Structure formats: C-alpha cells, structure tokens
Amino acid sequence: MNRKKIATRSYKVMLATIWAWVHVTIILGQTTSQANFYSTKVVFQDSLEVSLYSPTMFRVRISHLEGAKFPTQYDIPFAIGKTTPWNAVPYTTSEDGNTFRIKTGKIILQIAKRGLSWTVWSVDGKRKIYPSDGPAYGMFKDGYTFFDNASALNEANKNSRFAHWFYHPATQRYTDIYLEEDALEDLYFIFGPSYEEIYAQYNTLVGPEPLLPRKGYGFFQTQHLACDGTQQQLLDVARQFREKNIPLDNLIIDFEWGDGCDGRKETTWGKSLAWAPNYTTPFTPEEMIRKLKDLHIAVMLIHHSAPDFKNRKHQGWTETVYDEAIWNSAYKQKLDMGIVGTWQDTRINDITDSYIWNLTGQHQPGKRVMFLGCRKTVALNPWDFRYSVAPTENMIGARRYPFHWTEDASSSWNELRFQLKATNNTFGPLSGYTYLSSDGVAASWRAQARWNQFTALSAVARSHNPKPWSGDIDVFDFTNKIRITGRDTITAVKKIEKTQTQTAEASIRKYLQLRYRLLPYIYSYAHITYQTGMPIVRPMLLAFPNDYICSSDAWPYQYMLGNELLVAPVYGDFKTMEIYLPQGYDWIDYNTHEVFRNGGVITYNVDDIHTLPLFIRSGAIIPTRQATEWIDPAVPDQITFEIFPTDTLSSFTLYEDDGVSTKYQQGEVARTVVTCERNKTSGKTAVRIGAVEGHYAGSSSAARIYSITWNGILNQPKVFYRGKAIPEEGKKPMAKTPVTWTRNKTGDALIIQLMKRAEEELEVVIE
C-alpha cells in the first residue's frame, strides 16, 4: 500500500509559494495601491504549479524555464484580465505513489506524477468531471470550460496556445514583458456547473467586456467606396440616412480616407497615415468631421497599419507597419480632429489591438473607447475562398477590447445563415464574446433585408455595404474593389446606380427604428454583461438550459435578446419556417399580438420580407424610449415600460449612466427596479416603480415622467393609486394625482402616465 501524506495548509503557511507585489493598477478605471498576494499557489515537483483562483477555478502551469521556474513577472499572461489580488482559497493536499491531489470545498484536482496529465472530480471523489465525453457548445462542455491562452476546448487557432506576453504592474500593459518561446504551459479550468456560474468566473478571470459608448449601441455604417470615394459622397450618404429616417450614429470610413488610396489611385493598404486628397476638399478633414457631428454622426477610420511597438511579435498579417512614435502621433492627431476611434483591420493582432485600445483610452482619459478588431470566423472569404469556421486569429484575452467582426464574408444565403449562427451563437456568446458583428453584404435585396434584420437585433449593429438600402448590388464589383492579389491589374468600371424598384430600405428602417426604441432594454443588459458575463444575446440552450428541446442547441438560428425577447431571424428565402417557443410560457407575437399558449413548435409565415419573427415572453417588462434617429447621451430617455402581465411576479432592473465615461466601473450607475405582481384572489395587479438607487453625473432627483403600457386589458379596467380609483383621462374631471391613464387607439392596452421623484417609490394597481 502506498504511503499517503496529507497536509492542510493555511494561507499564512503558503507565503513561500505565493508571490507578493505592490499593485499599482487602473484596471476597470479604478486606481488602487496595496501590498498583497496575487493568488493561492501550490507547487509540486519544482516545475508544476497550480494557481487557485476560486474553489472551482484554477490554472495548471508547467514550467520549462531554466533557473527560477515561476518568476513573479510571468504570473499574469494576456489571457488573464484580473490584476488585483484574489481571495485566499482554502485547500488540502495529498499524494500517493502515482498522484498529487488538491481538494477545495468544491472539487478535487488529481495530477499524475508521470506525464502530469490531470483529472477533476466531484468533492466526494465519486464522479469524474473532467475529461468527459459530452458534446461541446462553444466554450462549454458538461458544466465546465477548459482553455489555454488561445482558445477553449483545444479549438483550432493560429496563435500560440501558451504564454508569451505578460501584465506589467508598473506600466499596466501586456506588451512590456515577453517570453520568446512557449516556456510556460498554462491550462485553465472553470467548473460551474451552470452557465451563469461559469460566465461569472470567466468574467472575473479573463476580464469583463467593457461598455461601449452609448452611441455604440446605435447603428454603425461602414462606408466602403474604395478609391472612388470622396468627401462629398460621404456627406451625401450621411444626409440620405437622415432624409430616409434610417437611424445612424457611427460612420466608419474605409481605406479611401487615405489608408489605401491616393486620390483615385489605390496603393498598398496602410501606406499613408495622411488624408487622401479626395477627403480634404472642399472642406478640411476637421470641417468634414464637424459637419457629420452636426448630423449627430460619429466618425471612425479604418487602419490596415500598426505601430511597431516593443515585443510586437507573431502578429500575423498587417499590410504596413510604422515606427511606433510616427504611428502613434498620426493616430492621436486624428483623435484630436474629432474621430472617435479605429477599426483595426489587421489579423492575428490581439496584442496590437490591446496596445491601440489602451493608447486610445490614455489619449482621452476617462472616456470609453470606440474600437473594432478582427475575430476571423467566416464560411467563405469572397476572393480567395479560405475556409475558416472557427475564430482562428484571436486569443482569449481579446474579449477585453470590444467590439469585433468576423472578417470579410461572402454574400450568399449560406453565408448569412453561417454568420447568424456565428455571431449570435457558437463563436459569439457561447465563446465568451458579446459584441461580434458581420459585414452584411448580401447579393440580393431580399437577403440584404434579412441580414439587416438580425443585425438590428444583435448586441452590436453594423453594416459594410456602400448603402445598406441598395437593392441587388454588383457583388463582383464590390469584392473587386477590396482584392489584394493583383490589385495593380484591376480596372474599375464606373456604373451609374440605377433606381431600385425593389429594396431593403423599408425593412432596414423598421428594425433599426425598433432597435433605437429598445435602447434602454439593450443597454441595461449591457450592464448585466459587464457585471456577470452573461451576454446580451443568449442562444436558446443558454437561456433555457433545463428545456431538453433547447439543451442540445437544436435551434441555433434563433436566440433571446435579453430574457424577454425571442428573435427568430429568417436565414433563407423561405415562405414559412419552424420556430420553437419554449414551453412553460405564453408567447406574444410582436407583429400580430397573437398569443401562443404554453409555447411549442410553430410554423410561421415569413413570406412578407418586412416581417421578422419576434416574440415576447409572458410576464415581460421591457423599457423603451422615444423614437429617434440618433443617440444623444445628454438627452434623457423618455421611458415607457411595456408590460405583458402574467400570474407570477416579474421584474426588470433599468440601468442608466452618463453614456460616455468609464465612471460606471466605479459604480456611478442608477438602477430602477420595476415589478409587476398579480393577486389571484382579488384579480388586481400591482405595478411598482421603485426608488432610484445610485446616481451618475447628469442624473437628477427632479420629478420624472414615466409611461406604462399595460398590454392585454379587460373590458372595463380600473386604475388605483393609493387605494383611490383614478378616472380615465378625458372622461371625468382630473383628480389631483401624479397618475393619469387612457386606452390606446386599438383598445387592447392601457397607457398609464405617472410622475415621480428619484427617491420615491410609486405603485399603481390595475383591476
């Protein structure tokens, strides 16, 4: 029998294996300075170290370094976003002739002394958790996730799987400390077993996805005119958005701004850091940006170039690389002109992305960063047909620098279907990425309409089409303009744009206007994403893990937007399609108001190209705002709570902040809880708007008007405030009350208006 040795170690006894340092960090916008220990560590066999971050989350590190095996400067690689100390994790260790064991209050880690392979068991030692044979969904498998520096569950990746770049506490960067070789093998494990628990731990370890500026939750139009583009064309398109009443907040100017064009002549992309002549007349670039700002449109530029900073190694394709000081200076000049950020269209560039993200934030301290990076995942590339169905060019830590795109996609219905699943299921939320967008350049106007519909109701909405309302575009001409190989032989053929008799314009307008009305709802879930890691868009298996029909990801082309809205985008040229409404709930058709009792599989008519299947879960409380075509953070939203009552208690927490600064990271956020509860005995339902908790710069304690839309009313409704019946507006003399109400035009909803101060709680009762 092997002799077993068991030792229980307290946190103080572990001082020899836990490194101490003085933290000076601005992570999450908060400055701290303290002497402390980073994490609970256990070292075996000199070259094997286990870092315990929580009772269910750890790292196994194998060192191949000469000399000191675990130097303190290598403790936080790029995969880790938390740079402040972890709480101590109580544990016990034991070993026999073959195995090391670490036992926490939740799991047992067993490591083989030969080969150093390892397994994870339940705390009673009876059930093996890892490895397992169950199916993988994104980064999830059987209640756990397992990842290295590049990707989860050994997914294909062009990056090194192991540590290269490390966090430097003095500079707060990941680019200053570098290992040339894979001398440290890091493998991470998180056990939930629920999705929520895994996301919460992942969010803490890897780092949360920061909020975009509030305007970043509006629409992004990527203006791609190649070297035919001019300043006047850009301004004309911006004005057309306003004339057509299509909401728009952000214009990204593609390489014609100067990045890859010298007037009408195409050059190597990134060859110039100066504006092209076509974008300096008739106005200066500053004047052009100011004119767009007067239209409430922010400007981003694309870059196919990057600064050659220290340790910028193994960074893949970047067309042009500049001296660090030269690139930084030119970029800062553009920021000073008024651009809000960059689309960094360079590949395998997580370190480059993080460098430029930080550079942007440091140049405008306290402001949120607008930044777009690449997370390559496409079915077919439009010009060289590379097959890439996995995000092969990102590392785990890239989620800290949103948002991302999936690379140049082809224009077919098949690509639309792939991109829908990629962005809102497998390679987006199920892989830890909330803010993932696709190009949306469809060949037909019908596909263009459908692509824009799901884009409008995703976490981030972006188009890469010269004019998203255009009809059947010349895809060959479009892809020809962005071809790299043989660009010197390309002859552009100028074509007169024909008047479109069939166009996606009405559909694009309809669903972007809906997105803008839903901004308070989407933005509240953005706060939840930041705090908990749970994404804004939730695949069906994530939203309904206990529903066996959803649990196997059998419905990957539909998803929940938050907890209350089910979106079922049309991903083919169909007349009808099947949709699954999870059972146990009633679902209200957003388009027709038809109620589907207790859910189930339905066949839905999608013949009308302007109809996106959209369903509201019974009991939903959905905050909406006034209809606008842009977002102005300085203008308070006029909030309406859309309520779809049920027999159970329902609630929603509205999050509000200043929309532009990083102060939300220090808690400068206002929260308002709204509840709806029906008394089955009396038949009365109480709607309560709670006192506002917290504040932010610009928030006010002055009285504010809220509206409540109560859907599905009885024939003769009554509204009570403080026990007193309130007459319908216009029917009787108005009582002295902060509450008024009337019916909507169709008579199937109540419109209740109330006025309350921030510190007050107000309740109305509907009978």
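None of the values given here were measured: they were computed from a predicted structure.

Topic: the pattern of salt bridges
Thinking step 1. Counted according to the given criterion, the structure contains 36 salt bridges.
Thinking step 2. The closest approach of N and O atoms between Glu180 and Lys313, which form a salt bridge, is 3.2 Å. Residue Glu180 is located in the loop between strand 16 (173-178) and strand 17 (184-191), and its partner Lys313 is located in the loop between strand 23 (305-308) and strand 24 (320-323); the two are separated by 133 residues in the primary sequence.
Thinking step 3. Overall, Glu180 belongs to the partly exposed group, its relative accessible area being 45%.
Thinking step 4. On the basis of relative accessible area, Lys313 is assigned to the partly exposed category, the value being 33%.
Thinking step 5. Taking the shortest distance from any N to any O, the salt bridge between Arg688 and Glu763 comes out at 2.4 Å. Taken together, the positions of Arg688 in strand 42 (residues 685-689) and Glu763 in strand 48 (residues 762-766) put the pair 75 residues apart, joining distant regions of the chain.
Thinking step 6. Beyond isolated ion pairs, a larger network of salt bridges with shared partners links Lys41, Glu49, Arg59, Arg61, Asp75 and Asp186.

A word on the sheet that holds strand 35 (residues 595-596)
Thinking step 1. Pairing is antiparallel across the open sheet formed by six strands, whose spatial order is 30-31-32-37-34-35. Of all strands in the sheet, those with a lone pairing partner are strand 30 (537-539) and strand 35, marking the two edges.
Thinking step 2. Sheet topology places strand 34 (residues 587-589) next to strand 35; two bridges connect them, and they run antiparallel. Bridge pairing in strand 35 links Trp587 to Phe596.

Some words on the state of the cysteines
Thinking step 1. Throughout the structure, instances matching the rule amount to one disulfide.
Thinking step 2. Two residues, Cys227 and Cys261, share a disulfide whose sulfurs are 2.1 Å apart. Its S-S torsion of about -85° marks the bond between Cys227 and Cys261 as left-handed, since a negative value means left-handed. On the criterion of sequence distance, the pair formed by Cys227 in the loop between strand 18 (219-223) and helix 2 (231-243) and Cys261 in strand 20 (residues 261-262) is long-range, its members being 34 residues apart.
Thinking step 3. On the accessibility criterion, Cys261 (4% relative accessible area) is buried.

Parameters at a glance
Within each chain, residues carry numbers counting from 1 in the order of the written sequence. Totals for whole chains, interfaces and linings use every residue, but because this is a predicted model, local features are given only for residues with pLDDT of at least 70 and side-chain atom pairs only at 80 or more, for both listing and counting. Processing note: side-chain calculations cover all non-hydrogen atoms of the structure and skip hydrogens and water entirely. The salt bridge definition used is simple: a Lys or Arg side-chain nitrogen within 4 Å of an Asp or Glu carboxyl oxygen. A run of DSSP states H or I qualifies as a helix once it reaches four residues; a run of E qualifies as a strand once it reaches two. Both are numbered from the N-terminal end. Relative accessibility decides the category of a residue: with a 1.4 Å probe and only protein chains considered, values under 20% of the type maximum give buried, values over 50% give exposed, and everything between is partly exposed. Strands pair, by our definition, only if DSSP identifies at least two bridges between them. A pair of cysteine sulfur atoms is labelled a disulfide when the two atoms are within 2.5 Å.

Purely geometric stuff here, so don't read any function into it on its own.
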